[in-house]
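Chains, contacts and geometry: an overview
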Amino acid sequence: MAQCLRGKAAAAAAAGASAPWWRRVASALYHHTIQAVPRETSGPRAAARERRHGRVPAVLLTLAGAAPGSGVAHRKLLTADRKQLVEMVKQSPYFLSTPVRLQVRAGERSNAVVHAGTVLPIKVHRDESTGHILNLVMVQADEGTMLKVNLPVEFKGESACPGLKKGGFLQKIRTSLVYLCPAEHIPPKIEVDLANLDVGDRVSMHDIPVHPSLKLLSKNETMPVCKILASKPVESETKTLQDLKS
């Protein structure tokens, strides 16, 4: 029995030693730093081969300048570990609005870092039928870089909202807002406080307090984000509102 346990322990140690070094480090690094390696080829066949080996094809975009509209100066082809990426997306409900660290190593088993920095994940492509992550797109988020970010809207204070206490209905018109943000001041979400809203009140885009460095990208900043209605709107009214938004 003792020999069996020692054998299992030795096997586990050997397996750990053969695993990539970053899988053996502290969980903080695992959950907050995307680990990647370069890939040489692109295209459907190359991407399918990466996925068969438990990896996710990724692209890192570097902007031509710090100002918006500078365009993309460089695209770096990478591949990330699927299990780690799935865990990071699972742990962070604001994955696409949260800058994270990126570490690019020379190879799958190498601990030599060839690139490191802060990035913002901007797109996660998934398989429509299985939900599996197919591709990841990131942009370099160096300090001072201005990035257009689609920030999710969250509503808080519903339990204290006077209008809802009277039996009103919260009509959520926008679930996200687009801001131009300095990379160092990207908020994970935009919060809308309902605590003081009564029936008939609304919150417009320009009413939401944000960091002064953020710029709302909207043709009409007076458009409402939400309203407190006296009752739930009929289906036809809801459809008309959705058509106007689109």
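Residues numbered from 1 in each chain as written. Predicted model: local features only at pLDDT ≥ 70, side-chain atom pairs only at ≥ 80, totals over all residues. Heavy atoms only, no water.

The name an unreviewed UniProt entry gives the protein is Large ribosomal subunit protein bL25 beta domain-containing protein, with Urochloa decumbens as the organism.

1. Quick notes on the pattern of salt bridges
Here is the rule: Only one rule defines a salt bridge in this text: a Lys or Arg side-chain nitrogen within 4 Å of an Asp or Glu carboxyl oxygen. Strands are runs of DSSP state E lasting at least 2 residues, helices are runs of H or I lasting at least 4, and numbering of each runs from the N terminus. For every residue, the accessible area obtained with a 1.4 Å probe (protein chains only) is divided by the maximum for its type, and the residue is called buried under 20%, exposed over 50%, and partly exposed between those limits.
If you walk through the whole model with that rule in mind, you get five salt bridges. The closest approach of N and O atoms between E154 and K189, which form a salt bridge, is 3.3 Å. Note that E154 is positioned in strand β7 (residues 146–156) and K189 in the loop between β9 (176–182) and β10 (190–193), a separation of 35 residues in sequence. Between K189 and E191 there is a salt bridge, and its shortest N-O distance comes to 3.3 Å. The exposure class of E191 is partly exposed, given its relative accessible area of 36%. Overlapping salt bridges bring together E154, K156, K189 and E191 as one network.

2. What about the sheet that holds strand β6 (residues 133–140)?
Short version of the rule: A pair of strands counts as paired when DSSP detects no fewer than two bridges linking them. Simply put, an axis is a line fit to the C-alpha atoms, just over the touching stretch for a helix, and the angle between two N-to-C directions goes from 0 to 180 degrees.
On the basis of which strands lie adjacent, the closed barrel formed by six strands has the order β1-β3-β2-β6-β5-β4 and mixed pairing. On average, each strand axis in the sheet is inclined to that of its neighbour by 45°, with strand direction left out of account. In terms of strand pairing, strand β1 (residues 33–38) meets strand β3 (residues 72–81) through three bridges, oriented antiparallel. Note that in β3 the partner of A36 across the bridge is A80.

3. A look at helix α4 (residues 82–91)
Spacing of three or four residues puts side chains on the same side of an α-helix, whose turn is 3.6 residues. In plain terms, the rule: To obtain the arc, one takes the directions from the helix axis to the C-beta atoms. Under this definition, polar contacts are N or O atom pairs within 3.5 Å; protein pairs additionally need one hydrogen-donor-capable and one acceptor-capable atom, and for neighbouring residues in sequence, both atoms have to be side-chain atoms.
Three or more residues of α4 are buried, namely Q84, L85, M88 and V89. Summarising the axial view, the buried residues of α4 lie within an arc of 130°, below the 170-degree limit, and thus occupy one face. Exposed side chains of α4 directed beyond 90 degrees from the buried face belong to K83 and K90. Where α4 begins, the side chain of D81 points an oxygen toward the backbone nitrogen of K83, at a separation of 3.2 Å.

4. Observations concerning the nonpolar core
To be explicit about the condition: Definition of nonpolar core: a set of buried residues of the types Ala, Val, Leu, Ile, Met, Phe, Trp, Tyr and Cys, connected through side-chain atoms within 4.5 Å. We call two residues in contact whenever any of their non-hydrogen atoms come within 4.5 Å of each other.
Ranked by internal contacts, the top residues of the largest apolar core, which has 30 residues, are L147, L151, L177, Y179, V192, L194 and V225. Listed by contribution, the elements that provide at least two residues to this core are β2 (55–63), β6, β7, β9, β10 and β13 (224–229). V225 has contacts with V153, F155, Q171, K172, I173, R174, L177, V192, V203, S204, M205 and I208, leaving out every residue within four places of it along the chain. Judged by nonpolar contacts, the second largest core, of 18 residues, contains L60, A80, V89 and M138.

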